[in-house]
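What the coordinates show
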Amino acid sequence: QVQLVESGGGLVQAGGSLRLSCTASGRTFGNYAMGWFLQAPGKEREFVAAIRRSGSRTPYADSEKGRFTSPRDNAKNPVYLQMNSLHPEATAVYYCAAEASTRWDSIPNRGPDYDYWGQGTQVTVSS
């Protein structure tokens, strides 16, 4: 069994920054892809960024919504989402997720690709 826990959310003013954290327990994650998603009120969950199962990074590991980081190269536990210059449109619940079923070097960017999800952390950006 895998447990994922997000933290670091909160209330920030527009233009501010947050770093979200995702900590995994229950098994090793060396062979897992790790991803971040967001879900705004009344909308479907959206992909933000991911690190591949291989640990390597591509342009798709980052997006305009945030930058995927880790304590060291190719590390996957914990992982972080660094968000700068936040706009009110970034207000959402942010989830981390893990999977080990896609191709080794693929970038999973769809919710159904993932097997494990955290409970989410709320990010609210005020104007």
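I will try to describe carefully the structure that is included in this document.

Quick notes on the rules
- Residues numbered from 1 in each chain as written.
- Predicted model: local features only at pLDDT ≥ 70, side-chain atom pairs only at ≥ 80, totals over all residues.
- Heavy atoms only, no water.
- Core = buried A, V, L, I, M, F, W, Y, C linked by side-chain atoms within 4.5 Å.
- Buried < 20%, exposed > 50% of the residue type's maximum accessible area, 1.4 Å probe, protein only.
- Helix = DSSP H or I, 4+ residues; strand = E, 2+ residues; numbered from the N terminus.
- Salt bridge = Lys/Arg side-chain N within 4 Å of Asp/Glu carboxyl O.
- Phe/Tyr/Trp six-rings, centres within 6.5 Å; stacked < 30°, edge-to-face > 60°.

**Some points on the nonpolar core**
Leu4, Met34, Trp36, Met83 and Tyr94 are the most contacted members of the largest nonpolar core, which totals 27 residues. Listed by contribution, the elements that provide at least two residues to this core are strand 3 (18-25), strand 4 (33-39), strand 5 (46-51), strand 8 (79-83), strand 9 (92-99) and strand 11 (121-126).

**Description of the pattern of salt bridges**
Scanning the model with the defined rule gives two salt bridges in all. One salt bridge in this structure joins Arg110 and Asp113, with 3.3 Å as the shortest N-O distance. Classification of Arg110 by relative accessible area gives partly exposed; the value is 47%.

**Structural notes on the packing of aromatic side chains**
By the definition in use, this model includes six aromatic pairs. Seen from their ring centres, Phe37 and Phe47 are 5.6 Å apart, and the 75 degrees between their planes marks the pair as edge-to-face. Taken as a pair, Phe37 in strand 4 and Phe47 in strand 5 lie far apart in primary sequence, 10 residues in all. Taking the relative accessible area as the measure of exposure, Phe37 reaches 2% and is therefore buried. Between Phe37 and Tyr114 the ring centres are 5.3 Å apart and the planes differ by 85 degrees, which places this aromatic pair in the edge-to-face class. One end of the pair, Phe37, is in strand 4; the other, Tyr114, is in the loop between strand 9 and strand 10 (116-117), and 77 residues separate them in sequence. Considered together, Phe37 and Tyr114 belong to a single accessibility category, that of buried residues. One aromatic cluster is present, formed by Phe37, Phe47, Tyr95, Tyr114 and Trp117 through successive ring pairs.

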